[in-house]
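Here are the chains, one letter per residue:
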Amino acid sequence: MTGRRVAARLPSIDLLRAAAIVLMTLVHFVENLAGSIDIHDGPFIGANRYWWMPTGFAAPLFTFLSGVSYRLWADAAAARGRDSEEVSKITVRRGLFLILFGFAFNVLVWMPEDVFNWDVLTLIGTAMLALDIARRTAPAVGLVACGLLVGLAPILRAVADYRAFWTAGFYDYDFTLGDVLLGYLATGYFPVFPWLALPLAGFLAAPLIYGHDGGETNRGSKASWRESPLVIGSLLVAVTGIVMAGRPFVPARLITHDRLWAMFPPTTAYVLGTIGGGILLAALLHGTLDGRPSGRGPLLRIAGAMSRHSLTLYVLHHVAHVWPLWIAGLVTTGDPDGLWQVATPVSTAVVWSAAFLFFAAWLSERLDRPGTPSAESLLRWLCDP
Amino acid sequence: MITTSQIPSTAPPITAEVFPPATRFERLPLDDGGVLELAIMPLPAVNAADHDATVAELVGKATDWASATTLGGDPPLVVPLYGTHVIWSQRRAAVIGTADRLPAMQAAVADFADREAELRDIERRIVSGLEHVDDDAALAFEFDEQSLHRRRELAGRFREAVSLRQRLVVLAPAIHRPAPQPPTLAGQLGERLRDRTRVVERLEHAVEQADLLERVYTGCGDRVAEFVSSRRHATLEWVIILLLVVEVVLLAVDLLATHTS
């Protein structure tokens, strides 16, 4: 293999991204529509039910895969002889587009006062800009950056007084430069520290998982066990356990969450565990799915379509449940937030999320038709040469 | 005197059993790991009138026998010399002559076969090496991150190129060695075989091709070393930059948090 290849979609990545979309839809529908119903000891399902923990993988998986996909795309572009400057331009445009799109999304979905809540779109936009630098530097630099992002996050949260920005499980900031910048760096929903480590980890792990030929399989290569994604993923999961066990020795000031495994704020164990889990899942699925000679079945076909339109589905799944929630709250209680987390029982929210997913599967395949407008087509129209 | 063009081309394929009973067969191991089968055929005692016909028949049979290993390739060479004949192909050869001349002929053929086999093996390796030159030549000019995983592969090809050059350097004096003076049958036979198989010209071409390979992969090696060295420095610089950024972030967060509170 000479590294020359045609960029082809990998079913394993599509399936993982579709799984992240399913988990994301489920967690948002259930927590936003029914998060406070039948919960006696806290407002969030995620913080009170261990069986709900897998839903916490949605955002990490999504961000991890953004790094993986970027690496495969950039490597394929380089292999096709595309100029590095051109790749940079596309990357920076896409990053800026996602950041602006994220702000617009925050205003339209979460109301204008939440424009700087630093949601996942602004994180992925920032990640695009960072990955363009990572692309030009040695992997060791990315690795050091990952370590700094994960290791410094608790310190930054302690310095910034993370708890002061969060009330009743929600990020609450003032419209001041200080709060906005602190939110971006450490205290928002998806701050750079430590969330940027996930796309960066995906970017660094992609060649180990999919080979330097980008998915043509790395079987038969002489990579040592140190470069095995299964070993690295397992080590990260093991380190997660050690970090959890070492919690009693961590200074109290650095602990910003009562639980060992939490998403807001992302505990060190959570970040390491989701990175390790992401690497393991991607490597295992790559080994089982991508080498199959038979074509895609209906499940993989739908997963592929959903994966291709993940940005559109991200926006739509929020619009589909948050806008009705605001409108119904305004109509019935006079306050748009009136029905927040108490709109329906959990079972009804699950049914609604399932209904949305069926709609999403149907819609995704139709969005593949040429000329059909979507968030992805807008991104390509604006950012690609 | 019988030449290649005079060999009856319609002769049916023959097996070794049809050679005269006095024929001996030897298997000579060659430098390239192969084996040369050598048929040593003393001329039977015949009257002068039948001599040419007998020789022509033996040469024809030997040629067919030698042809069996060169299917689709060049026909065996027939080298007549002072009433003797050598039939030569890459894996089979036959010497035909009077019994007193056969040992010298056998030694000459064995000596030549070794060198020719070595040259042929080098040529084969060069051809397979040249197949990669188109892809690799760009890396002799510029090396980048995307090509880093090919370092070992390029190093292997560089080693192979140096090995080929070394073998050619060893082989050249043996091929250019002058024939003994005064001329002997073995010496003359070696010269004839060398001329007919164009060993000298092939050696020159092989040297040029091996030079090309060596130049390309020396260039690749230089570019790889330069790239790895500059990459190491750049990595260190980037790590320092990252640490400075982190320091700035820590200071900024501290200041912002103080200001906010």
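Colleague: Would you explain the overall build of chain A in this entry?
Modeller: Across its full length, chain A holds 15 helices and two strands. Buried positions account for 47% of the 385 residues belonging to chain A. Look at the contacts in chain A between residues 6 or more apart in sequence, and 79% of them connect residues 24 or more apart.

Colleague: In this structure, what is going on with the overall build of chain B? I would like to understand it.
Modeller: When helices and strands are counted, chain B shows six helices and five strands. Expected size for 261 residues packed as a compact globule is a radius of gyration near 18 Å; at 31 Å, chain B overshoots this value by more than 25%. Counting over 261 residues, chain B shows a buried share of 30%. Across chain B, every contact between residues at least 6 apart in sequence was considered, and the portion connecting residues at least 24 apart equals 69%.

Colleague: Is there a simple way to explain the packing of helix H3 (residues 58-79) of chain A against helix H11 (residues 268-290) of chain A in this structure?
Modeller: How two helices pack is summed up by the angle between their axes together with the distance between the axes. Residues and elements named next belong to chain A. Taken N-terminus to C-terminus, the directions of H3 and H11 make an angle of 60°; their axes are 10 Å apart at the nearest point. When the axes of H3 and H11 are compared, the pair comes out oblique. Between H3 and H11 lies a crossing whose hand is right-handed. Contacts from Pro 60, Leu 61, Phe 64 and Val 68 in H3 reach Thr 274, Ile 275, Gly 278 and Ala 282 in H11. Across the contact of H3 with H11, the residue classes tally to six nonpolar, two polar and no charged.

Colleague: Sorry if this is basic, but what is going on with the interface of chain A and chain B here?
Modeller: Many structure descriptions define interface size as the accessible area lost when the parts assemble. Each partner contributes residues to the interface: chain A has 25 residues there, and chain B has 18 residues. Elements with a minimum of two residues in the side of chain A that touches chain B: H3, helix H6 (139-160) and helix H7 (177-187) of chain A. In terms of residue count, the dominant contributor to the side of chain A that touches chain B is H6 of chain A (nine residues). Of the residues contributing to the side of chain A that touches chain B, the split by class is 16 nonpolar, six polar and three charged.

Colleague: Sorry if this is basic, but what is going on with the nonpolar core here?
Modeller: The nonpolar side chains of a soluble globular protein tend to be buried, and buried together. Counting residues in hydrophobic clusters, the biggest one holds 107 residues, and the most contacted among them are Ala 197 and Leu 200 of chain A. Per-element accounting of this core gives the leading share, 14 residues, to helix H1 (residues 11-34) of chain A. The residues contacting Ala 197 of chain A, other than those within four sequence positions of it, are Cys 146, Leu 149, Val 150, Val 271 and Ile 275 of chain A. Judged by nonpolar contacts, the second largest core, of 30 residues, contains Val 59, Trp 65, Val 79 and Ala 117 of chain B.

Colleague: Is there a simple way to explain the pairing of strand E2 (residues 35-42) of chain B in this structure?
Modeller: Sheet faces and side chains relate simply in a regular strand, where the side chains alternate between the two faces. Residues and elements named next belong to chain B. Sheet topology note: the strand E1 (residues 24-29)/E2 ladder contains six bridges and is antiparallel. Bridge assignment links Pro 29 to a residue of E2, and that residue is Val 35. Between the end of E1 and the start of E2, which pair antiparallel, lie five residues, with Gly 33 showing a positive phi angle near 95°. Here E2 runs beside strand E5 (residues 92-97); their pairing, made up of six bridges, is parallel. Following the sheet pairing, Glu 37 is matched in E5 by Arg 92.

Colleague: For this particular structure, what's the right way to read helix H9 (residues 197-210) of chain A?
Modeller: Because each turn of an α-helix spans 3.6 residues, side chains separated by three or four positions end up pointing in the same direction. Residue and element names in this part refer to chain A. Taking 1.5 Å per residue as the helical rise, H9 with its 14 residues ought to reach 20 Å, and the 20 Å between its terminal C-alpha atoms agrees with that figure. Leu 204 marks where H9 bends most, by close to 35°; the proline Pro 207 follows one to four residues later. With 14 of 14 residues buried, H9 lies mostly within the body of the structure. Two residues or fewer after H9 comes Gly 211, characterised by a positive phi angle close to 85°.

Colleague: Got a minute to help me understand the sheet that holds E1 of chain B in this structure?
Modeller: Residue and element names in this part refer to chain B. In spatial order, the strands read E1-E2-E5-E4-E3; together these five strands make up an open sheet with mixed pairing. Across the chains shown, the open sheet's two edge strands, defined by having one partner strand only, are E1 and strand E3 (77-81). When the angles between neighbouring strand axes are averaged without regard to direction, this sheet yields 15°. Here four bridges tie strand E4 (residues 84-88) to E5, and the two strands are oriented antiparallel to one another. Considered in E5, the bridge of Ile 87 is made with Ala 94. Sitting on the sheet, helix H1 (residues 48-67) touches E2, E3, E4 and E5, and the angle it makes with E5 is about 170°. Against the sheet, helix H2 (residues 102-130) engages E1, E2, E4 and E5, with an angle of about 155° to E5.

Colleague: I tried to follow the pairing of E5 of chain B on my own but got confused; where do I start?
Modeller: The buried count for E5 of chain B comes to six of six residues, which makes it a mostly enclosed element. Both faces of E5 of chain B are covered, namely the face carrying Arg 92, Ala 94 and Ile 96 of chain B and the face carrying Ala 93, Val 95 and Gly 97 of chain B.

Conventions we followed
Residues numbered from 1 in each chain as written. Chains lettered and ligands numbered in written order. Predicted model: local features only at pLDDT ≥ 70, side-chain atom pairs only at ≥ 80, totals over all residues. Helix = DSSP H or I, 4+ residues; strand = E, 2+ residues; numbered from the N terminus. Buried ≥ 20, exposed ≤ 12 C-beta atoms within 10 Å, placed from the backbone. Contact = placed C-beta atoms within 7 Å. Rg over C-alpha atoms; globule rule 2.2 N^0.38 Å. Axes fitted to C-alpha atoms, helices over the stretch in contact; angles between N-to-C directions. Parallel < 35°, antiparallel > 145°, perpendicular 65-115°, else oblique. Left-handed = near helix turned anticlockwise from the far one by under 90°. Nonpolar A, V, L, I, M, F, W, Y, C, P; charged D, E, K, R; others polar. Core = buried A, V, L, I, M, F, W, Y, C linked by C-beta atoms within 7 Å. Pairing = 2+ DSSP bridges. Expected span 1.5 Å × (residues − 1). Bend = angle between axes of the 7 residues up to and from the residue.

Read these as geometric descriptors, not functional statements.
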